[in-house]
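# Structure assessment
Letter by letter, the chains look like this.
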Amino acid sequence: GESNNPYKNNNHNSNNNSPQKLPLQQRRSELIGDFKSEEYVILKQIGQGTFGKIYEVEDKTKRKFAMKKILTSSLDEVTALINEYEMLKSLSSSCKHGLLNIHGMQTKKLDKKTHAMYVLMDLAVRDWEKEIERRSIKKTFYTEQELIKILQGLTFTFAELQRHNISHRDIK
């Protein structure tokens, strides 16, 4: 069946050196930027989706980040989530414009059935849904230059995804 991963890589080229062909533990140990979720203090929950919750966290130097926590009982889902992380990490390192930086990933086995995956990323400076609602209430509109900048960022991001043969099923 189709994975719960909202990203779909349309690249059907088989390459025996691809990360997907390496054993999970070997791929896991090769990930760059891994972190320990225990070293971050949860300040508040800032979002919730189908697959997990997002928290605002801070490190011991008081720098703030977003940490996504996903719970699953399926090893296949853990593998799919690691694949998604690897893809996003490679995109964020090759494309700084329009994408949030991903700092690390950690997986934990919480009990016999439950696995948790934590992804540490930049804390977005805006909640666009609240921003649009606020502007609607106050009847303040985006300037032409603001709209151009937003559309350039979106266009660049979609072009970068397309360049990597990636489509997303959940674009709102």
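Refer to the structure above for everything that follows.
Keep in mind it's a predicted model, so treat the numbers as computed, not measured. (Residues numbered from 1 in each chain as written. Predicted model: local features only at pLDDT ≥ 70, side-chain atom pairs only at ≥ 80, totals over all residues. Heavy atoms only, no water.)

## Observations concerning the side chain of E58
The condition is simple: A run of H or I in DSSP counts as a helix once it spans at least four residues, and a run of E counts as a strand once it spans at least two, with each numbered from the N terminus. Contacts described as polar in this section are N or O atom pairs within 3.5 Å, which, within protein, must combine one atom able to donate a hydrogen with one able to accept it, while residues neighboring in sequence count only if both atoms come from side chains.
Structurally, the position occupied by E58 is in strand β3 (residues 52–58). A polar atom in the side chain of E58 sits 3.3 Å from the side chain of K62.

## Concerning the nonpolar core
Note the threshold: Remark: nonpolar core denotes a set of buried residues (Ala, Val, Leu, Ile, Met, Phe, Trp, Tyr, Cys) joined through side-chain atoms within 4.5 Å. Here the term buried applies to any residue with accessible area under 20% of the maximum for its type, exposed to any over 50%, and partly exposed to those in between, with areas from a 1.4 Å probe on protein chains only.
Of all hydrophobic cores here, the largest spans 11 residues; its members are A66, I70, V78, L81, I82, Y85, I102, M105, M117, V119 and M121. Broken down by secondary-structure element, the contributors of at least two residues to this core are β4 (64–72), α2 (75–94), β5 (102–109) and β6 (115–121). The element that contributes the greatest number of residues to this core is α2, accounting for four residues. By size, the runner-up hydrophobic cluster in this structure holds nine residues, among which are F35, Y40, V57 and A116.

## Thoughts on the environment of K64
Basically, it comes down to this: Working rule for contacts: check all heavy atoms of both residues, and any pair within 4.5 Å makes them a contact.
If you trace the backbone, K64 turns up in strand β4. Along the chain, K64 and I42 lie 22 residues apart, while their C-alpha atoms are 9.8 Å from each other. Among all residues touching K64, those that are not within four sequence positions of it are L43, E56, V57, E58 and L123.

## Here we look at the pattern of salt bridges
Two side chains with opposite charge may pair up if their charged atoms get near one another. We count it as follows: Salt bridge, as used here: a side-chain nitrogen of Lys or Arg that lies within 4 Å of a carboxyl oxygen of Asp or Glu.
Inspection of every chain in the model, using the stated rule, returns eight salt bridges. Across the salt bridge formed by E56 and K44, the nearest N and O atoms sit 3.8 Å from each other. Of this pair, E56 sits in strand β3 while K44 sits in strand β2 (residues 41–48); the two residues are 12 residues apart in sequence, bridging distant segments of the chain. The network of salt bridges with shared partners includes E131, R134, R135 and E146.

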